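Below, each chain spelled out in residue letters.
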Amino acid sequence: MVYQPAEDSYLLEKEVKSLISKLKNKELDKIKVLDMGSGSGIQAQASIKSGIKMSNVLCVDIDEEVIDFLKKQKLQAVQSNLFSNIKDKFNLIIFNAPYLPEDKDEKKYGKVLDTTAGKKGFEIIIKFLEQAKQHLNKEGKILLLFSNLSKPRVILKEAKQLGYKYKKLAEQKLFFEKLFVYEFLVD
Ligand SMILES: C[S@@+](CC[C@H](N)C(=O)[O-])C[C@H]1O[C@@H](n2cnc3c(N)ncnc32)[C@H](O)[C@@H]1O
């Protein structure tokens, strides 16, 4: 199922646009963007609208239905479990990660929800950070969204051990949770 953009999507989209707006025109032409867990393609489209060449934006999702949906928008899209089918390096990797702990009723739905990150709520995010390092160009950046329910302290501790520097760019309080957007780069 294609994830319908929600507060998390819009919060990250704002930061994608803001980061790209700071790039010079000369840089814009060369920047390669990876939209991990692309869903509706909102982050890829935000990158293109902000001036990144369409041919330099790659969408990745684990879900075949999502890939078909993205290709209908003429976006480049590859089905992949995180980076399993990805060889290239990028200047910007965006990920609105599945960030919630497993719902105990989830098995009844017959499918892992788009927002489920694993039993504890951070497993996929840690895997992503482990793999993303190898796919960043020099001075490349990651924009990652997660929530207070994804155990930010565990994620940030692990990121530090993996050699990332990070800073918080945005946060938004919702009813039951708080969303965060962080920027990561390799030290
Ligand atoms: C919370 S949605 C975000 C969708 C969109 N990027 C947005 O901002 O609205 C998470 C997306 O990650 C995808 N996803 C989940 N696990 C994945 C994995 N292991 N590798 C690649 N994509 C994955 C889901 O199919 C879903 O489209």
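Each remark here, short or long, concerns the structure printed above.
Residues numbered from 1 in each chain as written. Predicted model: local features only at pLDDT ≥ 70, side-chain atom pairs only at ≥ 80, totals over all residues.

Chemist: A description of the overall build of the protein should follow, citing residues and the corresponding values.
Modeler: The helix and strand inventory of the protein stands at seven helices and nine strands. Rg of the C-alpha trace for the protein: 15 Å, near the compact-globule value of 16 Å for 187 residues, within the 12% margin. C-alpha atoms of the protein, sized along the principal axes, occupy 50 × 35 × 30 Å. Sorting the 187 residues of the protein into buried and exposed places 36% on the buried side. (Helix = DSSP H or I, 4+ residues; strand = E, 2+ residues; numbered from the N terminus. Rg over C-alpha atoms; globule rule 2.2 N^0.38 Å. Buried ≥ 20, exposed ≤ 12 C-beta atoms within 10 Å, placed from the backbone.)

Chemist: Explain the sheet that holds strand E9 (residues 178-186) to me, using residue names and the numbers behind them.
Modeler: Spatially, seven strands are ordered E3-E2-E1-E4-E7-E9-E8 in an open sheet, and the strand pairing comes out mixed. At either margin of the open sheet sits one strand with a lone partner, and together these are strand E3 (76-79) and strand E8 (164-173). Taken pair by pair, the neighbouring strands of this sheet meet at an average axis angle of 20°, ignoring direction. One ladder, built from four bridges, connects strand E1 (residues 33-36) with strand E2 (residues 57-61); its direction is parallel. Bridge pairing in E2 links leucine 34 to leucine 58. The strands that helix H1 (residues 7-21) touches are strand E4 (90-96), strand E7 (136-147), E8 and E9; relative to E7, the one it contacts most, it runs at about 155°. Across the sheet, helix H6 (residues 123-132) touches E1, E4, E7 and E8, and the angle it forms with E7 is around 175°. (Pairing = 2+ DSSP bridges. Axes fitted to C-alpha atoms, helices over the stretch in contact; angles between N-to-C directions. Contact = placed C-beta atoms within 7 Å.)

Chemist: Account for the packing of H1 against helix H3 (residues 42-49), naming residues and giving values.
Modeler: H3 packs onto H1 with a crossing angle of 25° between their chain directions and a minimal axis gap of 9 Å. The angle between H1 and H3 places the two elements in the roughly parallel class. Handedness of the crossing formed by H1 with H3: right-handed. Between H1, through Ser9, Leu12, Glu13, Val16, Lys17 and Ile20, and H3, the contact on the second element is made entirely by Ile42, Gln43, Ala46 and Ser47. Here the contact of H1 with H3 is built from residues that sort into five nonpolar, three polar and two charged. (Parallel < 35°, antiparallel > 145°, perpendicular 65-115°, else oblique. Left-handed = near helix turned anticlockwise from the far one by under 90°. Nonpolar A, V, L, I, M, F, W, Y, C, P; charged D, E, K, R; others polar.)

Chemist: Explain the environment of leucine 145 residue by residue, including any values.
Modeler: As for its position among the elements, leucine 145 is in strand E7. Taking C-alpha positions, leucine 145 is 8.5 Å from isoleucine 94, a pair spaced 51 residues apart along the chain. Setting aside chain neighbours within four positions, we find leucine 145 in contact with Asp8, Leu11, Leu12, Asn96, Ala97, Tyr99, Leu179, Phe180 and Val181.

Chemist: If you had to explain H3 to someone new, which residues and values would you point to?
Modeler: Within H3, six of the eight residues are buried, leaving the element largely enclosed by the surrounding structure. For H3, the set of buried residues is Ile42, Gln43, Ala44, Gln45, Ala46 and Ser47. Taken together, the buried residues of H3 touch H1, E1, E2 and E4. A positive phi of about 120° marks glycine 51, the residue just after H3.

Chemist: Please set out the site of the ligand residue by residue, giving values where relevant.
Modeler: As a matter of local geometry, the ligand sits amid 22 residues, with Ser9, Gly37, Gly39, Ile62 and Asn96 nearest to it. Elements that contribute at least two residues to the shell around the ligand include exactly H1, H3 and E2. Class assignment of the residues belonging to the shell around the ligand gives a composition of 10 nonpolar, nine polar and three charged. (Near = placed C-beta within 6 Å.)

Chemist: Quick rundown of the environment of phenylalanine 176? Include the residues and the values.
Modeler: Looking at where phenylalanine 176 falls in the secondary structure, it is placed in the loop between E8 and E9. Overall, the presence of 8 C-beta atoms within 10 Å leaves phenylalanine 176 in the exposed class. In the structure, phenylalanine 176 is positioned 27 residues away from leucine 149 in sequence and 9.3 Å away in space, judged by C-alpha atoms.

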